[in-house]
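# Topology and contacts: notes
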Amino acid sequence: MKKLNIYNIVRENVKSLTPYSSARDEFKDFDTDMVFLDANESPYKNGTNRYPDPHQNRLKTQIAKQKGIKKEQILLGNGSDEVLDLIFRVFCEPNEDNIITLPPTYGMYKVLAGVNAIENREVWLTADFQPDVNAILEQIDSNTKLLFICSPNNPTGNAMHGEVVESLLYQFHGMVVIDEAYVDFTGTSSWINVLDRFPNLIVTQTLSKAYGMAGIRLGMCFASKEIIRILKKVKPPYNVNQLTQDQALLGISNQDRVSFNVQEILSERARLFNALGKLDFVKRCFRSDANFILVRVDDANLRYQQLLREGIVVRNRSTQPLCENTLRFTVGTPEENKTLIEVLKTLE
Ligand SMILES: *Cc1c(COP(=O)(O)O)cnc(C)c1O
């Protein structure tokens, strides 16, 4: 592979930025017993009277250990959504650059492209929901900065084939962003493990799904030290609040609970898959590597409304490319899934 110089694809104004230097940057050692009169905070202790650590050192130390990478390869944000927005702002020049997304996929990439005034070039997945490499390569020009690959993909549920993703990593000389929000539910290994091989690889993960902490908003970004250093220049200093840092540290320390819950979701997913496949109005259940199942039915609008009347909310994905008449079912608790199956059996 041609040696990648990241600076060739970073926005001009970002190259010369210096990050905001907060009080906690100038005196870092805030676990010590000092008298802190440097940040105009309230001196009255209540658990949140101090600004949080802008570098989230404790949390990153723990994440780095669990993922087997260096702390300097991690950027944390207020959900993946903030992390993805930072990636746009570092690499994409408004009204000039473009990105490639692969519908049907997560809607946020398109929204963020719009917000940042970046052209979104959509290249549909193939009929088996894999990236169409040749069609993607045809869309790339010198202003194409980012390629978003969601794996496992939302809403289709499948992981992308390793050799397909690798060929894109080799042939595209912008950043390949692999969104692994659902990675904990797949048997395939994370792309984090090959960060050292691909200087143009950015991987995002989240505590919102398998870790059960959607409410605290913690998104994670993994890349080379060089990329993370540039992203940190644009990051707001206190983007991960104290309550989130505390709760995240607690949550990720209990890996046994996370594994237990993931195992239960996986066995429930298999049960739900079988039950859905037996229903007359179900045309097809798509194999899933995530915590949801996409299902093609006879009439998605009708089935959606019928479920709603029974107090069950699912997602109608029928307006998405390749997803005519599909519903997306998130795997719930064993009781919730049982209720769902019972209700589905009564529908006419
Ligand atoms: C749910 C989801 C996320 C999570 O976003 P957060 O902002 O971290 O909650 C990211 N990507 C995809 C594809 C998702 O489905």
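Since we're looking at a predicted model, the values are computed, not measured. (Residues numbered from 1 in each chain as written. Predicted model: local features only at pLDDT ≥ 70, side-chain atom pairs only at ≥ 80, totals over all residues. Heavy atoms only, no water.)

Attention now goes to the site of the ligand. Neighbouring residues of the ligand: 13 residues in total, closest Tyr-182, Thr-206, Ser-208, Lys-209 and Arg-217. Contact distances for the ligand include 2.9 Å between an oxygen atom and a side-chain N or O atom of Asn-154. A distance of 2.7 Å separates a nitrogen atom of the ligand from a polar atom in the side chain of Asp-179. Relative to its unbound accessible area of 390 Å², the ligand is 93% covered by the protein chains. Among the elements that make up the shell around the ligand, the one with the highest residue count is helix H4 (residues 79–91) (three residues). Taken together, the residues of the shell around the ligand break down into four nonpolar, five polar and four charged. (Near = heavy atom within 4 Å. Polar contact = N/O pair within 3.5 Å; in protein donor to acceptor, adjacent residues only side chain to side chain. Areas by Shrake-Rupley, 256 points an atom, 1.4 Å probe, with all protein chains shown as cover. Helix = DSSP H or I, 4+ residues; strand = E, 2+ residues; numbered from the N terminus. Nonpolar A, V, L, I, M, F, W, Y, C, P; charged D, E, K, R; others polar.)

So, about the packing of aromatic side chains. All chains considered together, the criterion is met by seven aromatic pairs. Arranged with centres 4.5 Å apart and planes meeting at 20°, the rings of Tyr-51 and Tyr-238 form a pair that is stacked. With Tyr-51 in the loop between helix H2 (23–26) and helix H3 (57–67) and Tyr-238 in the loop between helix H8 (225–234) and helix H9 (242–253), the pair connects residues that are 187 residues apart, well separated along the chain. Ring plane angle 15° and centroid distance 4.7 Å describe the contact between Tyr-109 and Phe-148, whose orientation is recorded as stacked. Of the two residues, Tyr-109 sits in helix H5 (residues 108–115) while Phe-148 sits in strand S4 (residues 144–150), which places them 39 residues apart along the sequence. For Tyr-109, a relative accessible area of 1% puts it in the buried group. Judged by relative accessible area, Phe-148 falls into the buried class, the value being 1%. Taken together, Phe-88, Tyr-106, Tyr-109 and Phe-148 form an aromatic cluster joined through their ring pairs. Over the face of the ring belonging to Phe-281 we find Arg-303, whose NZ or CZ atom lies 4.2 Å from the ring centre. If you follow Arg-328 out to its NZ or CZ, it ends over the ring of Phe-292, 5.6 Å from the centre. (Phe/Tyr/Trp six-rings, centres within 6.5 Å; stacked < 30°, edge-to-face > 60°. Buried < 20%, exposed > 50% of the residue type's maximum accessible area, 1.4 Å probe, protein only. Lys NZ or Arg CZ within 6 Å of the ring centre and 35° of its normal.)

Another point: empty space enclosed by the protein. Applying the stated rule across the entire model yields one cavity of 30 Å³ or more. Estimated volume of the largest cavity: approximately 40 Å³. For the largest cavity, the full set of lining residues is Ile-63, Gln-66, Lys-67, Leu-207, Tyr-211, Met-220 and Ile-252. Top contributing element to the lining of the largest cavity by residue count: H3, with three residues. (1 Å grid on protein atoms, 1.4 Å probe; cavity = no way out; pocket = protein on both sides within 12 Å on 5 of 7 lines; lining within 4 Å. Points joined across faces, edges and corners; volume = space filled by probe spheres on them.)

With that settled, the discussion passes to the pairing of strand S2 (residues 98–101). Side chains Asn-98 and Ile-100 project from S2 onto one buried face, and the interleaved Ile-99 and Thr-101 project onto a second face that is buried too. Across four bridges, the pairing between S2 and strand S3 (residues 119–122) is parallel. In the strand pairing of S3, Thr-101 is matched with Glu-122. In this fold, the crossover linking S2 to S3 by way of H5 has right-handed handedness. Where S2 lies against S4, three bridges are found, and the strand directions are parallel. Bridging across to S4, Ile-100 finds its partner in Leu-147. (Pairing = 2+ DSSP bridges. Right-handed = clockwise from strand over helix to strand, strands pointing away.)

Moving on: the sheet that holds strand S10 (residues 315–316). Taken in spatial order, the four strands of this open sheet run S8-S9-S11-S10, and their pairing is antiparallel. Strands at the two margins of the open sheet, each flanked by one partner only, are strand S8 (282–285) and S10. Most of the contacts of helix H10 (residues 255–277) go to strand S9 (residues 292–297), to which it runs at about 5°, and overall it touches S8, S9 and strand S11 (326–330). (Contact = heavy atoms within 4.5 Å. Axes fitted to C-alpha atoms, helices over the stretch in contact; angles between N-to-C directions.)

As for its position among the elements, Thr-326 is in strand S11. Of the polar contacts made by the side chain of Thr-326, one reaches the backbone oxygen of Cys-323; its length is 2.7 Å. Excluding residues that lie within four positions of it along the chain, Thr-326 makes contacts with Leu-294, Val-295, Arg-296, Ala-300, Arg-315, Asn-316, Arg-317 and Ser-318.

Spatial strand order, S1-S7-S6-S5-S4-S2-S3: seven strands in an open sheet with mixed pairing. Looking at the sheet topology across the chains shown, the edges are occupied by strand S1 (74–77) and S3. Across the sheet, the mean angle from the axis of one strand to that of its neighbour is 25°, orientation sign disregarded. Inspection of the sheet shows S1 paired to strand S7 (residues 219–222) by four bridges, in the antiparallel sense. Note that in S7 the partner of Gly-77 across the bridge is Gly-219.

Here the focus is the domain arrangement of the protein chain. According to the domain assignment, the protein chain contains domain 1 (6–253) and domain 2 (256–346). Inter-centroid distance (C-alpha atoms) of domain 1 to domain 2 is 29 Å. Across the domain 1/domain 2 interface, buried area totals approximately 1700 Å², and carbon plus sulfur atoms make up 67% of it. Interface area lost by domain 1 to domain 2 is led by Phe-129, Pro-155 and Phe-185, which between them contribute 35%. The interface formed by domain 1 and domain 2 holds zero salt bridges in total. At the junction of domain 1 and domain 2, the tally comes to five residue pairs in polar contact (both at pLDDT 80 or more). Of the residues assigned to the side of domain 1 that touches domain 2, the class counts are 12 nonpolar, nine polar and one charged. (Domains from an automatic or database assignment. Buried area = accessible area lost by both parts, 1.4 Å probe. Salt bridge = Lys/Arg side-chain N within 4 Å of Asp/Glu carboxyl O.)

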